[in-house]
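Okay, here's what each chain looks like letter by letter:
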Amino acid sequence: MLKTGIATVSISGDLIEKLDAIEAAGFDGVEIFEQDFIAFDGKPREVGQMVRDRGLEIMLFQPFRDFEGLPEPDRTRAFDRAERKFDVMEELGTDLVLICSSVHPKALGGVDRAADDLCELGDRAAKRNLRVGYEALAWGTHVDDHRDAWEIVRRADHQNIGLIVDSFHTLGRKLSPESIRAIPGDKIFFVQLADAPLIEMDLLYWSRHFRNMPGEGDLDVTAFMKAVVATGYDGPISLEIFNDQFRGGSPRKIAADGQRSLLALMDDVARDAPPFAITPTPMPSRASIEGVAFIEFAADEAEAERLCILLASMGFAHTRQHINKAVSVWEQGEIRIVINIEREGFAHSAYLSRGTGVCDVGLMVDDAHACAQRAGALNIAHFRQPIGQGELNLPAIQAVGGGVMHFLDRKSGLDRVWEVEFEQVSAVPNNQTVLTKVDHIAQSMDYEEMLSWSLFYTSLFDLAKRPIVDVIDPGGIVRSQVIEAPDRAMRFTLNGAETDRTIAGRFVAGRLGSAVQHIAFATDDIFEAATRLADLGFESLPIPTNYYDDAAARLGLSDAERASLEAHDILVDEEDGQRFYQLYSRPYGDGFFFEIVQRTKGYQGYGAANAAYRTAALRRLLN
Ligand code: MG
Ligand code: MG
């Protein structure tokens, strides 16, 4: 069975808040980090009881530093310190302590010297039925590699001495985890996991501030864990995360993310590995997203009218009306916009708490029920509301940021919801279709929540992250993370705002939680679209002449090209000779807007180079 743990240092709060959050997230145990314990005003025995009262076990006490390789008299003192740690462990009620490789200035190297020290410590630990795990710190003075740590443990040859492996220390130093496979599983006493974004910086600083949950960073924690399970290791897997954001974040959210990351990781490990001792939580594979089935706005009647005028100016037609509810559908191409002005239910409460905006996104997936089942296995709550007469039961979940996500599929006929639950009121005039489908959905959130959002998307769906791009807003930096399907049938962009002086930050601050800030529709001919939409009364976001001077110089535009771009307020970007065109609506409400894009084949970006000009233009209208 999979047993999960987390070091108390990984989350914020005092010891009680931490333990409450760890319990609520469903972990089996904790690593008590000494500083958390020392800061707590209570006896070790009370701490042990607090942990057990929550149904958790203390899997490990850590860290014990600078033990091995010391000359006398420091060596004797190190053994005395170890005995005091053992006293605390007995009081706490845990049998395992972590010793990390020494960084003591007086520590002497030598595998045999360290092995002798550990062997003698093993004798002392054995008298108390305690165990000692030895971990190679990536910045240890003499031992900085799990292979050397293992050689020391092997030569110590003591039943009470084992190895602790930590994915950060191995992968962070770019060491291959493959050599772990040769270690006997019963000599690995504990496994600590952490991921991290790839940033070139001092190892110690990187480790203490930037670690994150498996799947949130760029390290191949899955490969590491595959090597670990190949040894026959059947103990707990535990998160040891040092991260500045997490230390300032909500303990419950961080702990829930941690448990989710471990559940998803072990599912990944099991997908294409021979059977191993740790049985992962069973779940269907990641859902593949085929496209956006609908985007639902919550509004009141007056707001809905304004929104409908905007939609009509973009060529949408009111095609369907719900059989039971005040819910209308506006369509064009493959795009469906749902407008919900019901006075009860989720959309209404979303409207009351956040105003007009996207409250629900419907995704077309390969298997809607399997997708909801995977969500459940990852501790993502299902969303339910009463089903009216003649309505389909579409699986739904509570998505990040307080929204709802519905799943439709062809497989179980859920894609028939439009015929089953709606009456057709008009057809989309064919000659009016200039927009074809949803290109991407952009959501804004506080920067602190970005990792949580990306974990939500990448653990549930078959979506991959692209590198984070910084977008310069006149009010500060916005970090933009693209998450997309392998065939790009689905693209999300997450915009993490560090301050509410940015457009994204202002949008986030204006509402509870976070939300869809813009929706981009694809067109096959942006100039045709711009002309058609102008006739329908669409008002584009005005782009200053300076932009076109710069674009003409940068991209070598002809006078005619430049003139037609400027005439329609169309922005342009280029990647390997492939063009990307963007046309923006004016902001609606507190900063929501629509975008229309045309990608020439091969362009896979999002016009990041233009984002600064777009935010500046929005700012002029919002101020
Ligand atoms: Mg560690
Ligand atoms: Mg966009």
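Residues numbered from 1 in each chain as written. Chains lettered and ligands numbered in written order. Predicted model: local features only at pLDDT ≥ 70, side-chain atom pairs only at ≥ 80, totals over all residues. Heavy atoms only, no water.

Draft legend 1. Summary view of the overall build of the protein. From N to C terminus, the protein includes 21 helices and 25 strands. A globule of 623 residues ought to have a C-alpha radius of gyration of about 25 Å, and the protein, at 28 Å, matches this closely. For the protein, the spread of C-alpha atoms along the three principal axes comes to 90 × 60 × 45 Å. Within the protein, counting contacts between residues at least 6 apart in sequence, those at least 24 apart form 74% of the total. Summing over all exposed atoms, the protein offers an accessible surface of approximately 24,700 Å²; the carbon and sulfur share of this is 49%. Taken together, the 64 basic and 96 acidic charged side chains of the protein have centroids lying 3 Å from each other. (Helix = DSSP H or I, 4+ residues; strand = E, 2+ residues; numbered from the N terminus. Rg over C-alpha atoms; globule rule 2.2 N^0.38 Å. Contact = heavy atoms within 4.5 Å. Areas by Shrake-Rupley, 256 points an atom, 1.4 Å probe, with all protein chains shown as cover. Lys, Arg positive; Asp, Glu negative; His and termini not counted. Charge placed at Lys NZ, Arg CZ, Asp CG, Glu CD.)

Draft legend 2. Layout of the coordination of the magnesium ion (ligand 1). Here the magnesium ion (ligand 1) is held by the protein donor atoms Glu135 (OE), Asp166 (OD), Gln192 (OE1) and Glu240 (OE), which lie 2.1 to 2.2 Å from it. All donor residues of the magnesium ion (ligand 1) come from one chain, and their arrangement in sequence is E-x30-D-x25-Q-x47-E. One end of the pair, Glu135, is in strand β5 (residues 131-135); the other, Gln192, is in strand β7 (residues 188-193), with 57 residues separating them in the sequence. A residue is classified by how much of its surface remains accessible, and Glu135, at 2% relative accessible area, is buried. When its relative accessible area of 0% is taken as the criterion, Gln192 is described as buried. (Donors = N, O, S within 2.8 Å, 3.2 Å for Na, K, Ca; no water. Buried < 20%, exposed > 50% of the residue type's maximum accessible area, 1.4 Å probe, protein only.)

Draft legend 3. Highlighting the pattern of salt bridges. Considering all chains together, one arrives at 51 salt bridges under this definition. A salt bridge links Glu331 to Arg336; its shortest N-O distance comes to 3.6 Å. Taking relative accessible area as the criterion, Glu331 reaches 9% and is therefore assigned buried. (Salt bridge = Lys/Arg side-chain N within 4 Å of Asp/Glu carboxyl O.)

Draft legend 4. How the structure looks around the pairing of strand β17 (residues 435-446). Taking burial as the measure, the twelve residues of β17 include nine buried ones, the bulk of the element. Of the strand pairs in this sheet, β17 and strand β22 (residues 515-523) are connected by eight bridges, and their pairing is antiparallel. Its bridge partner lying in β22, Lys437 is registered against Ala522. Bridge count for β17 against strand β21 (residues 491-497) is six bridges, and the pairing is parallel. Each bridged residue has a counterpart across the sheet, and for Met445 the counterpart in β21 is Gly496. (Pairing = 2+ DSSP bridges.)

Draft legend 5. Here's a closer look at the packing of helix α18 (residues 526-535) against helix α20 (residues 559-568). Interhelical geometry of α18 versus α20 gives an angle of 40° and a closest axis separation of 10 Å. Judged on the interaxial angle alone, α20 and α18 are oblique. The interaxial crossing formed by α18 with α20 has left-handed handedness. Contacts from Phe527, Ala530 and Thr531 in α18 reach Ser564, Leu565 and His568 in α20. Residues of the contact of α18 with α20, tallied by class, amount to three nonpolar, three polar and no charged. (Axes fitted to C-alpha atoms, helices over the stretch in contact; angles between N-to-C directions. Parallel < 35°, antiparallel > 145°, perpendicular 65-115°, else oblique. Left-handed = near helix turned anticlockwise from the far one by under 90°. Nonpolar A, V, L, I, M, F, W, Y, C, P; charged D, E, K, R; others polar.)

Draft legend 6. Looking closely at the environment of Asp157. Along the chain, the position of Asp157 falls in the loop between α6 (146-156) and β6 (161-166). Asp157 sits 39 residues away from Leu118 along the chain, and the two C-alpha atoms are 9.1 Å apart.

Draft legend 7. Representation of the environment of Ala530. Tracing the sequence through the fold places Ala530 in helix α18. Sequence spacing of Ala530 and Ala567 is 37 residues, and the spatial spacing of their C-alpha atoms is 9.5 Å. Among residues more than four places away in sequence, those in contact with Ala530 are His568, Ile570 and Leu583.

Purely geometric numbers; function is a separate question.
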